[in-house]
Amino acid sequence: MKRLIGRIQAKGLRYWIRVTALAALGIVAGRYLREHEYWLGSRYAVYRLMQNLRWEQPYAQSTFVVTVGDDDYWKGEFNAREPIRRDLLAHVLEKLSLAKAKAVAIDFDLESPVPDGSIREVPAYLDETIRLVSTMDSATKRHTSVVLPSTIGYDKRGMYVLESDVYSGYPAPQDHFFKGYIALPPDARLVPLEITLAGGNALDSFALAAVRAYDGRAVARIKNLNVFPYGGYIRPGLFPQMNVHDVLTSDTDAMSEKVAGKLVFVGANWHRYAWRDGPLVDTHMTPVGLIPGVFVHANYAEAIIDGSDLYQPMGEWLAYILEVLVLFAVSLVFVAEMHGVRKIVWLTGLSLLFVVVAYVMLQNLGIYFDYLVPLVLLFAHFGIDKISEWRKIALDHIRNCQKITQEASA
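Residues numbered from 1 in each chain as written. Predicted model: local features only at pLDDT ≥ 70, side-chain atom pairs only at ≥ 80, totals over all residues. Heavy atoms only, no water.

How should I be thinking about helix α5 (residues 126-141) in this particular structure?
Because each turn of an α-helix spans 3.6 residues, side chains separated by three or four positions in sequence point in the same direction. Between its first and last C-alpha atoms α5 spans 23 Å; for 16 residues at 1.5 Å apiece the expected length is 22 Å, and the two agree. Considering only its buried residues, α5 is in contact with α4 (86-98), β2 (103-106), β3 (145-150) and β6 (177-181). One or two steps after α5, the chain reaches His 143, where phi turns positive at roughly 70°. (Helix = DSSP H or I, 4+ residues; strand = E, 2+ residues; numbered from the N terminus. Expected span 1.5 Å × (residues − 1). Contact = heavy atoms within 4.5 Å.)

What follows is the structure, encoded as structure tokens:
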């Protein structure tokens, strides 16, 4: 310990001021990169690696997904039409309701052609919309909750405001009817919850509204949170699912075996340009790759309902303290007087410890440990300092040799 204290003192005040400044700069830079979604792809890769290391992989327990696929959209009755055919959505909703789905969340844009509502629906599609509203009313009377998307925009002050939807002009069912905004956060690891509208009213996210329709107790557990990360992500292939054609042609009893008591999401899963041509529509980058938005919403809903993968983020102050302790430990190892191999072993061990800490905090505390940037800066500083030290030793050796040569010549 005395030798270590001596080594610390020998480095001098300027040295430790530089170390402190670089650590502080690195911590601030790390926070800046995180807040502005830089390196998000790399963060997703780390997140995916951490998830793959879990001893228990997440799976869908409460949700079911119905998709409008290529065969439905490009070859089937949907006729490759935009906006989506609302009469067919009504038919899907009716079948799911008769099959005793507990809640049905329809993940399609239902925005009016004019946001201020002066035109709520194009006359050519009016009958379709009336059928959707009528079916929604009959579904809720069967105690199947219905969740529709709400369109949001911004006012001149930058506050959220509601814009008109095609169903806005019709009386909403008194019970079992919910609405939520379908916009997703830039970072797909974060579960969106409520937003505050101009005027002070709150609006649920689409996933939160779906969970509220399915199980209000799950919503009550997270009522004090805003947006938060969670530990698991379910790949689309692991969700129980059907395409629309199978839903519309299946026997109600057979359907009931699959969807009764479930929260069912209905959404898009066709290719953009033509049948199986181009990227999928409405896709979003997530820790498990590029996936359709309906599966992102289903992931969020599963996380909220299950609750085991939801974590309140650690306070920033505690994260700062942990980073400072990590960087301080690295600094001590660098200045400690030990053999080169032993120092490498220590630094490797500390690096592995940081990986374990990051894993635990990601999986159990719901935060990402941003130690990488300050750590790289410190490694660079210590490397430069070591090179300077070797250079000084080499120059001293050369001077001594020159001095000895001069004395021998004299």
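Continuing now.
What is the right way to read the nonpolar core from this model?
Side chains of nonpolar character tend, in soluble globular proteins, to be buried together. By size, the foremost hydrophobic cluster in this structure holds 38 residues, and its most contacted members are Val 66, Leu 96 and Phe 108. Contributions of two or more residues to this core are made by β1 (63-68), α4, β2, α5, β3, α8 (244-249), α9 (252-259) and β12 (263-268). The element contributing the most residues to this core is α4, with six residues. Contact partners of Val 66, with chain neighbours within four places excluded, come to Val 92, Leu 96, Met 242, Asn 243, Val 244, Val 247, Val 264, Phe 265, Val 266 and Gly 267. Of all hydrophobic cores here, the second largest spans 35 residues; its members include Phe 206, Ala 218, Ile 291 and Val 294. (Core = buried A, V, L, I, M, F, W, Y, C linked by side-chain atoms within 4.5 Å. Buried < 20%, exposed > 50% of the residue type's maximum accessible area, 1.4 Å probe, protein only.)

Please explain the pattern of salt bridges as it appears in this structure.
Any two side chains of opposite charge can pair, given that their charged atoms come close. Considering all chains together, one arrives at seven salt bridges under this definition. The partner of Lys 141 in a salt bridge is Asp 137, with the nearest N and O atoms 3.3 Å apart. In this pair, Lys 141 and Asp 137 are both assigned in helix α5, four residues apart and thus about one turn of the helix distant. On the accessibility criterion, Lys 141 (62% relative accessible area) is exposed. (Salt bridge = Lys/Arg side-chain N within 4 Å of Asp/Glu carboxyl O.)

Explain unusual backbone geometry here, please?
Only a minority of non-glycine residues have a phi that is not negative, and only a minority of peptide bonds are not trans. With an omega dihedral of 10°, the bond running from Glu 82 to Pro 83 counts as a cis peptide bond. Within the secondary structure, Pro 83 sits in the loop between α3 (70-75) and α4. Phi at His 143 is positive, roughly 70°, even though this residue is not glycine. As for its placement among the helices and strands, His 143 is situated in the loop between α5 and β3. Judged by its relative accessible area of 58%, His 143 is exposed.

I'm lost on the pairing of strand β14 (residues 289-292) in this one. Help?
As a general feature of sheets, a regular strand has side chains that alternate between the two faces. Relative to β14, strand β13 (residues 283-286) runs antiparallel, the two being bridged by four bridges. Within the sheet, the bridge partner assigned to Met 285 lies in β14 and is Leu 290. Counting the residues between successive antiparallel strands, the hairpin from β13 to β14 contains two residues. (Pairing = 2+ DSSP bridges.)

For this particular structure, what's the right way to read a nonpolar patch on the surface?
On the surface, Ile 387, Trp 390 and Ile 393 cluster together into a nonpolar patch covering about 350 Å² of accessible area. With respect to the secondary-structure elements, Trp 390 resides in helix α13 (residues 372-409). (Patch = residues over 30% accessible without salt bridge, like charges linked within 9 Å, V, L, I, M, F, W, Y side chains within 5 Å. Areas by Shrake-Rupley, 256 points an atom, 1.4 Å probe, with all protein chains shown as cover.)

Would you take a moment to explain the sheet that holds β12 for this structure?
Backbone-to-backbone hydrogen bonds join strands into a sheet, with any given pair of strands oriented parallel or antiparallel. An order of β6-β3-β2-β12-β1-β11 is seen for the six strands of this open sheet, with the pairing classed as parallel. Lying at the two open borders of the sheet, with one neighbouring strand each, are β6 and β11 (241-243). Taking each pair of neighbouring strands and ignoring which way they run, the sheet shows an average axis angle of 20°. One ladder, built from four bridges, connects β2 with β12; its direction is parallel. For Ala 105, the partnering residue across the bridge sits in β12 and is Phe 265. (Axes fitted to C-alpha atoms, helices over the stretch in contact; angles between N-to-C directions.)

Help me understand the confidence of the model for the chain, please; the structure alone is not making it clear to me.
Should the pLDDT be low somewhere, the predicted coordinates at that spot are not to be read in detail. Across the chain, the average pLDDT comes to 82, with 75% of residues at 70 or higher. Note that residues 363-369 has pLDDT below 50 and, in this model, 29 contacts with residues that lie over four places away or in other chains. (pLDDT = per-residue confidence, 0-100.)

Please clarify how the packing of aromatic side chains should be interpreted in this entry.
The geometry of an aromatic ring pair is captured by the separation of the ring centres together with the interplanar angle, meaning the angle of the planes. Scanning the model with the defined rule gives seven aromatic pairs in all. Seen from their ring centres, Tyr 167 and Phe 177 are 6.3 Å apart, and the 85° between their planes marks the pair as edge-to-face. Of the two residues, Tyr 167 sits in the loop between β5 (160-162) and β6 while Phe 177 sits in strand β6, which places them ten residues apart along the sequence. Overall, Tyr 167 belongs to the buried group, its relative accessible area being 7%. Owing to a relative accessible area of 16%, Phe 177 belongs among the buried residues under this scheme. One aromatic cluster is present, formed by Tyr 73, Trp 74, Phe 108 and Trp 270 through successive ring pairs. (Phe/Tyr/Trp six-rings, centres within 6.5 Å; stacked < 30°, edge-to-face > 60°.)

Teacher, can you tell me more about the pairing of β3 here?
For β3, a buried count of six out of six residues is recorded, marking the element as mostly surrounded by other parts of the structure. Examined bridge by bridge, β2 and β3 share three bridges and lie parallel to one another. Following the sheet pairing, Ala 105 is matched in β3 by Val 147. In this region the chain leaves β2, passes through α5 and returns to the parallel neighbour β3; the handedness of that crossover is right-handed. Across five bridges, the pairing between β3 and β6 is parallel. (Right-handed = clockwise from strand over helix to strand, strands pointing away.)

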